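# Examining the three-dimensional arrangement
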Amino acid sequence: MSSRIKFILKGLISSSQSTFISGRYVRYNILLAHKIVRNYHKSGGSPRCALKIDLQKAYDTFSWEAIAVVVRKFGSLERGVGQGCPMYPYLIVMVMVMEVLSVLLQQQVLYVNYGLHPKCKGTTLTHLCFADDTLVFFKGSDLGRKHNPISWIQICTTERDGGLGVRDLEQTNISANLRYIWDINSGKDTIWTKWIHTNLIKQGDFWSLVVPKDYSRTWRRILEFRDIAKQFTGTCLGNGKNTSLYYGFWHPNGRLCDQMVGECLDTICPNKELKVDHYMVNGIPDFTECNHWPHCDGRNIL
């Protein structure tokens, strides 16, 4: 039965749905979506909006009443259709129920209650369906030029706490770059970290590298997040044999080279290659007292 139905659905289901329809391909929806949202980052141009609806779990929560209504509207057999039935993937989950959304949106266009996206007027396109997501496009003039009255922080709050659960891309970007920094400095053995250490860091100190202008934007962004990463970086000191006194994160307040002035560092650590164990006595750090001026900060730090 499903083999026969799949040829009929192409004439029943709107062109905005491409998945699970014979002769249609989701890649075309992807290409079209890229064209429609192109230049969204620019402030100029006519107002326009795109709304992404995540339907990841919706297909598991359709009520039987809704399924029965949809089946009757399509003129199909009024009988139970459940998961495992050969009609299930075509009639219910991925096709027919989503067509209800298409019909409702097109009705709003006919009633002039729906402002079409500037790039969709010629085809009266309102949305594109994917496997478990839907992109809805519409005119943004009703929103005006003012800021959205709902704060972005509230939008990114979880649904349980009254938000929409939208992922904050800025925070996601920060997290991703911090993870890269962790991989570089934690000894993670990957082809990327090996290349970074061999070609970019070489024999230098990652935390002191100058941000190069002629390197890739990705590498420059990673280096720009070092100050944030320092706040969450520490070293399990142990016997101190593998931790640099000068550059290591063994001190609660961070690296000595970031805390102390040059005169203090030269007095306490004249050799920048020394490890912390060089100053350990019975498992306790014991440093040379620094008195190069009356108000030396080295004594307070150590």
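Residues numbered from 1 in each chain as written. Predicted model: local features only at pLDDT ≥ 70, side-chain atom pairs only at ≥ 80, totals over all residues. Heavy atoms only, no water.

### Focus: a positive patch on the surface
Our working rule: Residues enter patches when they are more than 30% accessible in relative terms and free of salt bridges; like-charged ones are connected within 9 Å and nonpolar ones (Val, Leu, Ile, Met, Phe, Trp, Tyr) within 5 Å. Only the protein chains shown count as cover for residues, with accessible areas throughout obtained via the Shrake-Rupley method and a probe of 1.4 Å. We count a salt bridge whenever a side-chain nitrogen from Lys or Arg sits within 4 Å of a carboxyl oxygen from Asp or Glu. Neither His nor the chain ends contribute to the count of charged residues, in which Lys and Arg are positive and Asp and Glu negative. Where a charge sits is defined by one atom per residue type, namely NZ (Lys), CZ (Arg), CG (Asp) or CD (Glu). Each helix is a run of H or I in the DSSP string that is no shorter than four residues. Each strand is a run of E no shorter than two, and both are numbered from the N terminus. With a 1.4 Å probe rolled over the protein chains alone, any residue whose accessible area is under 20% of its type maximum counts as buried; one over 50% counts as exposed, and the rest are partly exposed.
Taken together, the side chains of Lys35, Arg38, Lys42 and Lys119 present a region of like positive charge at the surface. With respect to the helices, strands and loops of the structure, Lys35 is situated in helix α2 (residues 26-36). Assessed through its relative accessible area of 58%, Lys35 is described here as exposed.

### Section: the packing of helix α7 (residues 169-185) against helix α8 (residues 191-201)
What counts here: Every axis corresponds to a line fitted to the C-alpha atoms, with the helix fit spanning only the stretch in contact, and the corresponding angles, defined between N-to-C directions, vary from 0 to 180 degrees. Just so you know how the angles are binned, under 35 degrees is roughly parallel, over 145 roughly antiparallel, 65 to 115 roughly perpendicular, and the rest oblique. When checking whether two residues touch, look at their non-hydrogen atoms; a contact exists if any pair is within 4.5 Å. Amino acid classes used here: Ala, Val, Leu, Ile, Met, Phe, Trp, Tyr, Cys and Pro are nonpolar; Asp, Glu, Lys and Arg are charged; the rest, including Gly, are polar.
Packing of α7 against α8 brings their axes to within 9 Å, and their N-to-C directions diverge by 80 degrees. By the angle class used here, α7 and α8 are roughly perpendicular. Residue-level contacts link Tyr180, Asp183 and Ile184 of α7 to Trp192, Thr193, Ile196, His197 and Ile201 of α8. The residue makeup of the contact of α7 with α8, split by class, is 5 nonpolar, 2 polar and 1 charged.

### Side note on the environment of Lys119
As a reminder of what qualifies: Two N or O atoms count as a polar contact when they lie within 3.5 Å, although within protein this holds only if one can serve as hydrogen donor and the other as acceptor, and sequence-adjacent residues are included solely when both atoms are side-chain atoms.
You can see Lys119 is positioned in the loop between α5 (96-110) and β2 (127-129). Here the alpha-carbon distance between Lys119 and Phe138, two residues 19 residues apart in the chain, equals 9.3 Å. Of note is the side chain of Lys119, whose polar atom sits 3.1 Å from the backbone oxygen of Lys35.

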